[in-house]
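Chain and residue survey
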2 protein chains.
Amino acid sequence: MVLMHDVIIIGAGAAGMTAAIYTCRKKLRTAILSIDVGGQTNLTSHIENYPGTGPMSGIELMRRFQDEAVGFGAEIIMGKAVKSEKTEDGFRIGLANGEEYECKSLILAYGKVPKSLGIEGEERFMGRGVSTCVTCDAPLYKNRDVCVIGGGNSAIEGTLELATIARKVYLVHRRDSFRADEITVEKLKNSPNIELVLNSVSTKVIGGKNVDGIEVEDIVTKDRKELKVDGIFIEIGYVVDTNFVQHLVKVNEKKEIIVDERGNTSCPGIFACGDITPVPFKQTVIAAGEGAKAALECYKWITGGKGAVLDWTH
Amino acid sequence: MVLMHDVIIIGAGAAGMTAAIYTCRKKLRTAILSIDVGGQTNLTSHIENYPGTGPMSGIELMRRFQDEAVGFGAEIIMGKAVKSEKTEDGFRIGLANGEEYECKSLILAYGKVPKSLGIEGEERFMGRGVSTCVTCDAPLYKNRDVCVIGGGNSAIEGTLELATIARKVYLVHRRDSFRADEITVEKLKNSPNIELVLNSVSTKVIGGKNVDGIEVEDIVTKDRKELKVDGIFIEIGYVVDTNFVQHLVKVNEKKEIIVDERGNTSCPGIFACGDITPVPFKQTVIAAGEGAKAALECYKWITGGKGAVLDWTH
């Protein structure tokens, strides 16, 4: 006999944990099912723009979200969801380890997975010199040389974090300028052990037993050169992976789950929020807000519309 | 010569102050123009569902938002905006006191104003026995009898707060059940000095020099009776007041400013977020998320689209 939850939330980032805080406070029996706790916010070493908490690491902020969700009664189940099906009473979710869970409703909030470069050597050295998580792996490169590939906030913050640990950090970016916060870009330009390699793309990871370097190509001159580095951090963004639910909910051309402004998907009883949807800007506070919407919409659905309100003030 | 701001944000609640945090971090010269600091969040005595901070009063949470916005460089100007016009370079805002401010872009985030009951005596005793702010006026009713009109979270939280100060608190609600969090409703039912007056509407404020009571009508039996009280708190929600900008931006049938999913209004250079828009559920964390979206969209507009990004991770 499988235990029936009122709601299973897949994903434990800002969106999923906020959704859990809300569903638990509505006394819905809530489980969070996730491969990690914290999601992409974990990857930011220093968050200053989540209002109300003051600056702290992404990991610390997500630990607080977790403590609150668990404090209100959320159960956290570690595992990767790989199967979903409609049942008579709701939904059944299958994990990679064979476990199954049943629920009346489902909130999809598991965000994105790191994009890969698709270049020679990348896959071979993944986890052995090539990393997609600065916060996780930076300590391995004390006084060594590394490079970061990318040009967004994550790449720049990763570069700044690495510059405090590594001897030298190359930042390889395909454009000639950055789209990140001006404050952050200034810090980058003022760091003596950071070298910007602009207008350039990576073409090959070079190495034998370990990573020895990365080949980069200037996109204007087409010249190629090798940067001697011990570690390579890929920070070029994330992609959605919604394969296991696409038979239940509609997705857009980017495979993101289509939602209305309240987190309803095309399937009654399934809600989605955060980076797995087309919500713009991918900020922690935005994901949290979307998680609250999806949870309140879910509560309304479970209670047969009795919870529906348009004039709540708090 | 009037000083030109990059952006003026009207309203200093969760949406407006989050917008300010974001525009300031983008180095936009930012002013917040408001009649108060904190907005409707101030009215909640105890917020447990804003993720990441732990429980605290709405006033304290909003003070933190304010400290962060000011810390990043936002200027706060106290005053009521009553006039808006398009200029060659942007917009001009006129205050009730005659002051004028100019800006390249405008973020409307000033939320709602309290609804009135429209009953006899209400206007006459407003501010002299009739109040729309429990947090502000509860201390005036120590060991006295009061009533609260309403059935949403704010009414219930106000009732609970008053019950710790007043001798007796009547809660007059037009329905026979509550739509608030179950946890909150339980607290209400367990308080010995709270009396629920359900299926009832208020019909008249009774008094001479001061408030003596309120007349209520049972909507089923049509029976009327008087509750002897010294104070009446109206907590029936809020309405939008967008009169001073309706010649610039489109509004819906509720007079809420129509926005897309990124906070764009019908007028280029004007953005809106929070309770002044049709955003659902009216939660602090949702308003904060919407404030971040509008600010990032505003930044994109001011920088001529250069800031436009769809793949930001943080």
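For clarity, every value in this text was computed on a predicted model and none was experimentally measured. (Residues numbered from 1 in each chain as written. Chains lettered and ligands numbered in written order. Predicted model: local features only at pLDDT ≥ 70, side-chain atom pairs only at ≥ 80, totals over all residues. Heavy atoms only, no water.)

1. Side note on the environment of Lys86 of chain B
All names here are of chain B. With respect to the helices and strands, Lys86 occurs in strand β4 (residues 81-86). Residue Lys86 is classed as partly exposed on the basis of its relative accessible area, which comes to 46%. For Lys86 and His247, which are 161 residues apart along the polypeptide, the C-alpha to C-alpha distance reads 9.9 Å. Apart from the residues lying within four places of it in its own chain, the contact partners of Lys86 are Phe91 and Leu248. (Helix = DSSP H or I, 4+ residues; strand = E, 2+ residues; numbered from the N terminus. Buried < 20%, exposed > 50% of the residue type's maximum accessible area, 1.4 Å probe, protein only. Contact = heavy atoms within 4.5 Å.)

2. Focus on the interface of chain A and chain B
Taken together, the contacts link 58 residues of chain A with 57 residues of chain B. Taken over both partners, the interface formed by chain A and chain B buries close to 5700 Å², and the fraction arising from carbon and sulfur atoms is 53%. Notably, a salt bridge pairs Glu290 of chain B with Lys293 of chain A, separated by 2.7 Å at the nearest N-O pair. The tally of links between chain A and chain B comes to 22 residue pairs in polar contact (both at pLDDT 80 or more). Of all elements in the fold, only α1 (14-25), α2 (58-71), α5 (153-163), α6 (182-189) and α7 (284-302) of chain A reach the threshold of two or more residues within the side of chain A that touches chain B. Broken down by class, the residue content of the side of chain A that touches chain B amounts to 23 nonpolar, 17 polar and 18 charged. (Buried area = accessible area lost by both parts, 1.4 Å probe. Salt bridge = Lys/Arg side-chain N within 4 Å of Asp/Glu carboxyl O. Polar contact = N/O pair within 3.5 Å; in protein donor to acceptor, adjacent residues only side chain to side chain. Nonpolar A, V, L, I, M, F, W, Y, C, P; charged D, E, K, R; others polar.)

3. Here we look at helix α2 (residues 58-71) of chain B
Residue and element names in this part refer to chain B. Its 14 residues place the ends of α2 20 Å apart at the C-alpha level, agreeing with the 20 Å of an ideal helix rising 1.5 Å per residue. Along α2, the residues that are buried comprise Gly58, Leu61, Met62, Phe65, Glu68 and Ala69. With its buried residues spanning 120° around the axis, α2 presents them on a single face. Opposite the packed face of α2, turned more than 90 degrees from it, sit the exposed residues Asp67 and Gly71. (Expected span 1.5 Å × (residues − 1). Arc of directions from axis to C-beta.)

4. Let's talk about the nonpolar core
Grouped together as the largest cluster of nonpolar side chains are 74 residues, with contacts concentrated most on Ile107 of chain A together with Ile107 of chain B. Ignoring anything within four residues of it in the chain, the contact list for Ile107 of chain A reads Val7, Ile8, Ile9, Ile10, Ala19, Thr23, Phe271, Cys273, Ala294, Ala295 and Cys298 of chain A. (Core = buried A, V, L, I, M, F, W, Y, C linked by side-chain atoms within 4.5 Å.)

5. Let's talk about α7 of chain A
Taking 1.5 Å of rise per residue, the 19 residues of α7 of chain A would be expected to cover 27 Å, and the 27 Å separating its terminal C-alpha atoms lies within 8% of that figure. Backbone geometry just after α7 of chain A places Gly304 of chain A at a positive phi near 65°.

6. Re the confidence of the model for chain A
All names here are of chain A. Here chain A shows a mean pLDDT of 91. Residues at 70 or above account for 96%. For the stretch residues 306-314, pLDDT sits under 50, and the model shows 31 contacts to residues farther than four places along the chain or on other chains. In the model output, the complex is listed with pTM 0.74 alongside ipTM 0.72. (pLDDT = per-residue confidence, 0-100.)

7. A look at unusual backbone geometry
Glycine aside, residues mostly have negative phi, and peptide bonds are mostly found in the trans state. All names here are of chain B. Here Lys222, not a glycine, exhibits a phi torsion of approximately 65°, which is positive. Mapped onto the elements of the fold, Lys222 is located in the loop between β13 (211-218) and β14 (224-228). Among the residues examined, Lys222 registers a relative accessible area of 53% and is labelled exposed. Phi angles above zero are rare outside glycine, and Phe281 is one such case at about 80°. The residue Phe281 is located in the loop between β17 (270-272) and α7 (284-302) in this model. According to the relative accessible area criterion, Phe281 is buried, its value standing at 2%.

8. Focus: the domain arrangement of chain A
Residue and element names in this part refer to chain A. Taken domain by domain, chain A holds domain 1 (4-114 + 238-302) and domain 2 (130-234). On a C-alpha basis, the centres of domain 1 and domain 2 stand 31 Å from each other. For the domain 1 and domain 2 pair, buried surface summed over both sides reaches about 590 Å², with 49% attributable to carbon and sulfur atoms. It is Leu43, Ser45 and Pro114 that lose the most area in domain 1 upon contact with domain 2, and together they represent 54% of the buried surface on that side. Inspection of the domain 1/domain 2 interface yields zero salt bridges. Here domain 1 is connected to domain 2 by zero residue pairs in polar contact (both at pLDDT 80 or more). Per-class residue counts for the side of domain 1 that touches domain 2 are four nonpolar, four polar and no charged. (Domains from an automatic or database assignment.)

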